[in-house]
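Each chain, written out:
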Amino acid sequence: MIITKTPFRISFCGGGSDIEDFYRENGGCVLSTSIDKYMYISVHPFFDENRISLKYSENENVENAAEIRHSILRCVLQNMHIKGVEIVSTADVPSGTGLGSSSSFTVGLLHALYGFRGECRSKAQLAEEACDVEIKQLGAPIGKQDQYAAAFGGLNYITFRRNDEVQVEPLLVDRGILERLQDNLIMFYTGKRHDAGEILTEQKKNLGRGDKRENLIRMCRLTGELRYSLEHGEIDLFGEILDEGWRRKKEMASSITGADIDEMYQCAMKNGAAGGKLLGAGGGGFLLFYCEREKQNHLKEALGLKQFQFRFEQDGSSIVYIGKWK
């Protein structure tokens, strides 16, 4: 038996520039961190070596991988020609909440299945293969940041080059600054989940418009400014940059936000937050704010939303259990 643990991520700035239609012409970059909330995937030999048993939000028991309803499981198991396994997934956070759960699932699944076969894959190989599965083979209208954030872990500046190369650079941030950043970040659940595919399809289509493309180019510049501010200890700029990034992100597609989310955001800004954003593609999920710790109780009372506790993590996707099966 093999069990993998793969983190979810928070993307601070640059989301959208990791889409091929944009970075192939302009280059792209994001600044993100993995957090201590995880996708767990276990792979165990199945009693019937000619069948596949799957347990996620649904249960499936099939003879051939082509019969699997779950698109990622179907694609990966067909690619790897694996049978006679039982695969179980468990997550700390549900899908559709903006924390990159789909890509964490794909990376964790690949990691577990390669481990089950006794094969090693680097973090970069896991991320790139997950991108190939989700984007190339399944046609998801997403970018590459989530797969790399999940595989590598940590606080990173990720660059997407015109030639399709991806560079992951850990940020060199003073420990005291990093701890202060964690203390000053606070997250709330909006109570809404979203369809990332629908939102990203509209955003991708809009990239053909010059004003939208220029807006995303500016968001990339903001990402560089955010990196500079963190590495030089200028943490007070963090909220201001988050706020500008969120205002620009809202312009990329009509379904990214709505009146209710805008109202929550404005309430937070009036009650102690220096800036923030809706995580993921938009439409629902989690709102993240930069708010000094001494102001956070007032912010929580004003918003009245469920707080979601988290901390940064450094490990990325890892194998946490290896049991005997032969």
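Just above, that's the structure.
Now for a quick tour of the structure. (Residues numbered from 1 in each chain as written. Predicted model: local features only at pLDDT ≥ 70, side-chain atom pairs only at ≥ 80, totals over all residues. Heavy atoms only, no water.)

### Section: the overall build of the protein chain
A tally of regular secondary structure across the protein chain gives 11 helices and 12 strands. Against the compact-globule benchmark of 20 Å for 326 residues, the protein chain has a radius of gyration of 20 Å, which places it among compact chains. Expressed along its principal axes, the backbone C-alpha trace of the protein chain runs to roughly 60 × 40 × 35 Å. When burial is assessed residue by residue, the protein chain has 54% of its 326 residues classed as buried. Carbon and sulfur atoms make up 46% of the accessible area of the protein chain, which totals about 14,200 Å². Side chains of the protein chain carry 41 positive and 46 negative charges; the gap between the two charge centres is 1 Å. (Helix = DSSP H or I, 4+ residues; strand = E, 2+ residues; numbered from the N terminus. Rg over C-alpha atoms; globule rule 2.2 N^0.38 Å. Buried < 20%, exposed > 50% of the residue type's maximum accessible area, 1.4 Å probe, protein only. Areas by Shrake-Rupley, 256 points an atom, 1.4 Å probe, with all protein chains shown as cover. Lys, Arg positive; Asp, Glu negative; His and termini not counted. Charge placed at Lys NZ, Arg CZ, Asp CG, Glu CD.)

### Quick look at the packing of helix 10 (residues 259-270) against helix 11 (residues 296-303)
Between helix 10 and helix 11, whose axes approach to 9 Å, the crossing angle comes to 150°. The orientation of helix 10 with respect to helix 11, classified from their angle, is roughly antiparallel. Judged by the sense of rotation from one axis to the other, the crossing of helix 10 with helix 11 is right-handed. Residue-level inspection shows M264, C267 and A268 of helix 10 in contact with helix 11, the latter providing L299, A302 and L303. In the contact of helix 10 with helix 11, the residues fall into six nonpolar, no polar and no charged. (Axes fitted to C-alpha atoms, helices over the stretch in contact; angles between N-to-C directions. Parallel < 35°, antiparallel > 145°, perpendicular 65-115°, else oblique. Left-handed = near helix turned anticlockwise from the far one by under 90°. Contact = heavy atoms within 4.5 Å. Nonpolar A, V, L, I, M, F, W, Y, C, P; charged D, E, K, R; others polar.)

### Section: the nonpolar core
Judged by nonpolar contacts, the single largest core of 96 residues is most densely connected at F12 and I87. With eight residues, the single largest contributor to this core is helix 3 (residues 101-116). Other than its neighbours up to four places away in sequence, F12 contacts L31, S32, T33, L155, L185, L226, F238, L242, K277, L288 and F312. (Core = buried A, V, L, I, M, F, W, Y, C linked by side-chain atoms within 4.5 Å.)

### Some remarks on the side chain of R227
Mapping R227 onto the fold places it in helix 8 (residues 210-231). Beyond its immediate chain neighbours, meaning those up to four positions away, R227 contacts L31, Y157, E169 and L171.

### What to know about helix 9 (residues 238-249)
An ideal rise of 1.5 Å per residue puts 16 Å on 12 residues; helix 9 measures up with 16 Å between its terminal C-alpha atoms. Of all the 12 residues making up helix 9, nine are buried; the element is thus mostly covered by neighbouring parts of the structure. (Expected span 1.5 Å × (residues − 1).)

### Focus on helix 11
Among the residues of helix 11, Q296, L299 and L303 are the ones counted as buried. With its buried residues spanning 55° around the axis, helix 11 presents them on a single face. Turned more than 90 degrees off the buried face of helix 11, the exposed positions are N297 and E301. Looking at the buried positions of helix 11, the neighbouring elements they touch are helix 6 (175-184), strand 8 (185-189), helix 10 and strand 10 (286-290). (Arc of directions from axis to C-beta.)

### Overview of the pattern of salt bridges
Inspection of the entire model under this criterion finds 21 salt bridges. For R69, the salt bridge is made with E58, and the minimal N-O distance between the two is 3.0 Å. One end of the pair, R69, is in the loop between strand 4 (59-62) and helix 2 (71-80); the other, E58, is in the loop between strand 3 (52-55) and strand 4, and 11 residues separate them in sequence. The shortest N-O distance in the salt bridge between K144 and D164 comes to 3.9 Å. Pair noted here: K144 is in the loop between helix 4 (123-137) and helix 5 (145-152) and D164 is in the loop between strand 6 (155-160) and strand 7 (166-170), with a separation of 20 residues, a long-range link. (Salt bridge = Lys/Arg side-chain N within 4 Å of Asp/Glu carboxyl O.)

### Looking at the packing of helix 4 against helix 5
Taken N-terminus to C-terminus, the directions of helix 4 and helix 5 make an angle of 150°; their axes are 8 Å apart at the nearest point. The orientation of helix 4 with respect to helix 5, classified from their angle, is roughly antiparallel. In the crossing of helix 4 with helix 5, the sense of the turn from one axis to the other is right-handed. Where helix 4 abuts helix 5, its residues K123, A124, A127, E128, A130, C131, E134 and I135 lie against Q147, Y148, A151 and F152. Taken together, the residues of the contact of helix 4 with helix 5 sort by class into eight nonpolar, one polar and three charged.

### Describing the packing of aromatic side chains
Inspection of every chain in the model, using the stated rule, returns 10 aromatic pairs. Between Y148 and F152, the aromatic rings sit 6.1 Å apart at their centres with planes inclined by 15°, giving stacked as the arrangement. Residue Y148 and its partner F152 are both found in helix 5; the two are separated by four residues, about one turn of the helix. An aromatic cluster of at least three residues, connected via ring pairs, comprises F188, W246, Y265 and F289. Here K37 stacks its cationic end above the ring of F308, 5.6 Å away from the centre of that ring. (Phe/Tyr/Trp six-rings, centres within 6.5 Å; stacked < 30°, edge-to-face > 60°. Lys NZ or Arg CZ within 6 Å of the ring centre and 35° of its normal.)

### Some details on the sheet that holds strand 9 (residues 275-278)
The sheet built from four strands is open, its strands ordered 9-10-8-11 with antiparallel pairing. With partners counted over all chains shown, the strands left at the sheet margins are strand 9 and strand 11 (306-308), one partner each. Along the sheet, successive strands turn relative to each other by an average axial angle of 30°, direction set aside. Where strand 8 meets strand 10, five bridges bridge the pair, whose relative direction is antiparallel. Within strand 10, the position partnered with L185 by the bridge is Y290. Contacts from helix 9 reach strand 8, strand 9 and strand 10 within the one sheet, and its direction differs from that of strand 9 by about 40°. Across the sheet, helix 10 lies against strand 9 and strand 10, angled at about 20° from strand 10, the strand it touches most. (Pairing = 2+ DSSP bridges.)

None of the figures reported here should be taken as evidence of function without further support.
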